[in-house]
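Next come the chains, spelled out residue by residue.
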Amino acid sequence: MKQVMKLFIKLSSSVLLLGVQLHANNEEHLCKHSLKCNMVHIYEETAPEVSNIRDMFTQGIFYGRLRFNSFAYKWETEIDKVRKDHAIAAIGGSVEYKSAYYHGVSIGAGLYTTQARGSLSLEETYLYKSGKDTFSRYDRFRDGQKGITTLAQGYLEYRYDDMDVKVGRQIFESFLTKSNDTKMIPNTFEGLTFNKHSLFHTDFKMAYLTKQKLRDHADFHHVLAYGDNKANPYDFYSQNDDSAMHKGLTTSKLDARGIEDRLIVIEATNRSIENVTLHGNYTAVPELIASAMLQVDYRLHMGGWSVIPALRYMQQFDEGAGAIGGANLKTLTSGYSDKESLDSALFGARVDVVNEGLKLRFAYTDVADEGDIVAPWRGFPTGGFTRAMGQYNWYANTKSYMMQLDYEFESIPDFKMISRFAIQDFDDKKIGVQADSNVFTLDFVKRFQENRLYVKTRYAHVMGDKDTVAANGIRKLDPSSDEIRFEINYLF
């Protein structure tokens, strides 16, 4: 493990120096786009409207990005062929093109690449926990590839006034669908999307998505089907193999029933009432699963402070998925009252206390003791409430509590700290659910030159229960671990 950590520190130090040099050598370069903490692109320079097709292409805009990510993961207890300490680093980037608008029509494309090197052998590739999204496990096992190069975006757009429609490969942000661009390549979708802004103080978005490309895939795949082609020993990595995927919803089972998994999303955000924000979302895969979410946020001003309470309620409707795959995401249904039902619900509450560069959050979530929540599209049901770094706390009968502190340092411009402490109380009787854990995370984020250079380090310490015995009498694995990440983004 000492050699793994030395490799991690050496790689991180070298690229940090490179990042500082890039910053110093480009002080006069204008920023084309910036980043939020969750790595969603915010374009500050947009393409113009033009009067002819030639200008549509010549006046388009290129957005470039260089990127480095490194990860080290240490288990408190290693287990042969199940858990092994590791480190991995990746370098890559992207080039995105956005044409100008001609009669409201534009085209866009994004080419992404990542090349990774890690401490585990080819045969041990499946043991990567942290950093597994820096390469494709499917391509690595199949032909030894150590990276990904993919056209993750490629779309046609029509814009009229405050409405736009896109068709093709694209990022689509909603409650349960996210780019989740915290590693090397974003999560994207194929399909048709619609956005309408400011209609009766309400923003609307809708989507019909036929394919998904997770961050560790080169090709687009099913949105809700797990690969199980027995003729291909690595097929379970070829389709939706997200950590939150329901592994009982396999391609063979869906094909046998004639089900084509398609994702439908309808979402609205309303601000017609002063200091109140209402969020509503409906997400469905017909013939399998659907969910409805309602959230209300209220801002109370108290001098220079703001107090912002919020409530979230999510109801999940089983439309056939439970009978196919069972109530548990891993198909381990012991401990569930109805082993073939994915009906479920989630309740969340939080209070934010905000003053200039300080934010303090107290949050709670409670998942009904029914089926697990199905959400393998990189939007997290407990996100913004109790989800800490790398944690999945939306299994049935899970209660979570979190305190979060965000602080921007006045003495160091554009330097921010984010710290979280989460208590995760899982159902001990359910064999398909992990043991209880307490999670501490600490992030430091530094931005340079109008957000064009972004440096971030993250640390997570998981304190797990070592003595949890499931209903079948078997002791659950201790989830205790330490993880550290280091990231640099440079935009041009």
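Residues numbered from 1 in each chain as written. Predicted model: local features only at pLDDT ≥ 70, side-chain atom pairs only at ≥ 80, totals over all residues. Heavy atoms only, no water.

## Thoughts on the overall build of the chain
Scanning the chain from N- to C-terminus turns up five helices and 23 strands. Its C-alpha atoms give the chain a radius of gyration of 23 Å, within 12% of the compact-globule value 23 Å for 492 residues. Across its three principal axes, the chain shows a C-alpha extent of roughly 70 × 60 × 55 Å. Taken across its 492 residues, the chain has 53% of its residues classed as buried. Partitioning the contacts of the chain with sequence separation of at least 6, the portion at a separation of at least 24 is 63%. (Helix = DSSP H or I, 4+ residues; strand = E, 2+ residues; numbered from the N terminus. Rg over C-alpha atoms; globule rule 2.2 N^0.38 Å. Buried < 20%, exposed > 50% of the residue type's maximum accessible area, 1.4 Å probe, protein only. Contact = heavy atoms within 4.5 Å.)

## Some thoughts on the pattern of salt bridges
Should their charged atoms come close, side chains of opposite charge can pair. The full count for this structure, using the stated rule, is 29 salt bridges. Note that Arg378 is salt-bridged to Asp242, the shortest N-O span being 2.6 Å. One end of the pair, Arg378, is in the loop between β18 (358-367) and β19 (399-408); the other, Asp242, is in the loop between β11 (202-213) and α4 (251-256), and 136 residues separate them in sequence. Asp242 matches Arg378 in its accessibility class, with the two residues each being buried. (Salt bridge = Lys/Arg side-chain N within 4 Å of Asp/Glu carboxyl O.)

## Section: the side chain of Ser179
Here Ser179 is to be found in the loop between β9 (163-170) and β10 (188-199). A distance of 2.5 Å separates a polar atom in the side chain of Ser179 from a polar atom in the side chain of Glu173. (Polar contact = N/O pair within 3.5 Å; in protein donor to acceptor, adjacent residues only side chain to side chain.)

## Digging into the confidence of the model for the chain
Looking at the chain as a whole, its pLDDT mean stands at 91, while 91% of the residues score no less than 70. Across residues 1-31, confidence stays below pLDDT 50; counting only partners more than four residues off in sequence or on other chains, it has 40 contacts. (pLDDT = per-residue confidence, 0-100.)

## Remarks on the environment of Arg350
Note on placement: Arg350 falls in strand β17 (residues 344-355). For Arg350, a relative accessible area of 12% puts it in the buried group. Each C-alpha atom of the pair Arg350 and Gln145 lies 44 Å from the other, and the pair is 205 residues apart in sequence. Among residues more than four places away in sequence, those in contact with Arg350 are Gln295, Asp297, Ile308, Pro309, Ala310, Arg361, Phe362, Ala363, Gly384 and Phe385. In this structure the side chain of Arg350 is engaged in a polar contact, spanning 2.9 Å, whose partner is the side chain of Asp297.

## Quick look at the pairing of β11
Within a regular beta strand, the side chains point alternately toward one face of the sheet and then the other, so they alternate between its two faces. Of the strand pairs in this sheet, β10 and β11 are connected by 10 bridges, and their pairing is antiparallel. Residue pairing in the sheet places Asn195 in a bridge with Lys205 of β11. Following β10, the chain reverses through two residues before pairing antiparallel with β11; Phe200 in that reversal takes a positive phi of roughly 55°. Pairing of β11 with strand β12 (residues 263-270) involves eight bridges; the strand directions are antiparallel. (Pairing = 2+ DSSP bridges.)

## Focus on the pairing of β12
In the sheet, β12 pairs with strand β13 (residues 276-285) via seven bridges, with the strands oriented antiparallel. Its bridge partner lying in β13, Glu267 is registered against Asn281. Taking the residues that link successive antiparallel strands as the turn, the β12-β13 hairpin has five residues, and the phi of Asn275 there is positive, at about 70°.

## Quick word on the side chain of Asp133
Topologically, Asp133 is positioned in the loop between β7 (105-118) and α3 (137-143). Judged by its relative accessible area of 6%, Asp133 is buried. Within the structure, Asp133 has its side chain in polar contact with the side chain of Arg215 (distance 2.4 Å). Residues within four places of Asp133 in sequence aside, it is in contact with Lys183, Arg215 and Asp216.

## Section: a negative patch on the surface
A cluster of acidic residues, Asp338, Glu340, Asp343 and Glu370, forms a negative patch on the protein surface. Looking at the element boundaries, Asp338 is found in the loop between α5 (321-325) and β17. What makes Asp338 partly exposed here is its relative accessible area of 43%. (Patch = residues over 30% accessible without salt bridge, like charges linked within 9 Å, V, L, I, M, F, W, Y side chains within 5 Å. Areas by Shrake-Rupley, 256 points an atom, 1.4 Å probe, with all protein chains shown as cover. Lys, Arg positive; Asp, Glu negative; His and termini not counted. Charge placed at Lys NZ, Arg CZ, Asp CG, Glu CD.)

## With respect to the packing of aromatic side chains
Counted under the stated rule, the structure contains 16 aromatic pairs. Plain terms: the ring middles of Phe141 and Tyr234 are 5.3 Å apart, the flat faces sit at 10° to each other, and that makes the pair stacked. Of the two residues, Phe141 sits in helix α3 while Tyr234 sits in the loop between β11 and α4, which places them 93 residues apart along the sequence. The partly exposed category is assigned to Tyr234, whose relative accessible area is 29%. Its end group placed over the ring of Tyr155, Lys166 keeps NZ or CZ at 4.4 Å from the ring centre. Taking the ring centre of Phe448 as reference, the NZ or CZ of Lys446 above it sits at 5.1 Å. (Phe/Tyr/Trp six-rings, centres within 6.5 Å; stacked < 30°, edge-to-face > 60°. Lys NZ or Arg CZ within 6 Å of the ring centre and 35° of its normal.)

## Comments concerning the environment of Ile88
As for its placement among the helices and strands, Ile88 is situated in strand β5 (residues 86-98). The exposure class of Ile88 is buried, given its relative accessible area of 3%. Here the alpha-carbon distance between Ile88 and Gly131, two residues 43 residues apart in the chain, equals 6.4 Å. If we ignore the near neighbours within four places in the chain, the residues touching Ile88 are Asn69, Ser70, Phe71, Ala116, Arg117, Gly118, Tyr128, Ser130, Gly131, Thr134 and Phe135.

## Some details on the environment of Lys456
With respect to the helices and strands, the residue Lys456 is situated in strand β22 (residues 453-464). Expressed as a C-alpha distance, the spacing of Lys456 and Val445, which sit 11 residues apart in the sequence, is 4.5 Å.

## Brief notes about the nonpolar core
Residues Leu224, Leu263, Leu288, Trp377 and Trp394 are the most contacted members of the largest nonpolar core, which totals 41 residues. Of all the elements in the fold, those that place two or more residues in this core are β11, β12, β14 (289-298) and α5. Among all residues touching Trp377, those that are not within four sequence positions of it are Leu176, Thr177, Lys178, Asn187, Phe189, Gln212, Val223, Leu224, Asn240, Leu263, Thr283 and Val285. Grouped together as the second largest cluster of nonpolar side chains are 14 residues, Tyr112, Ala116, Tyr128 and Ile185 included. (Core = buried A, V, L, I, M, F, W, Y, C linked by side-chain atoms within 4.5 Å.)

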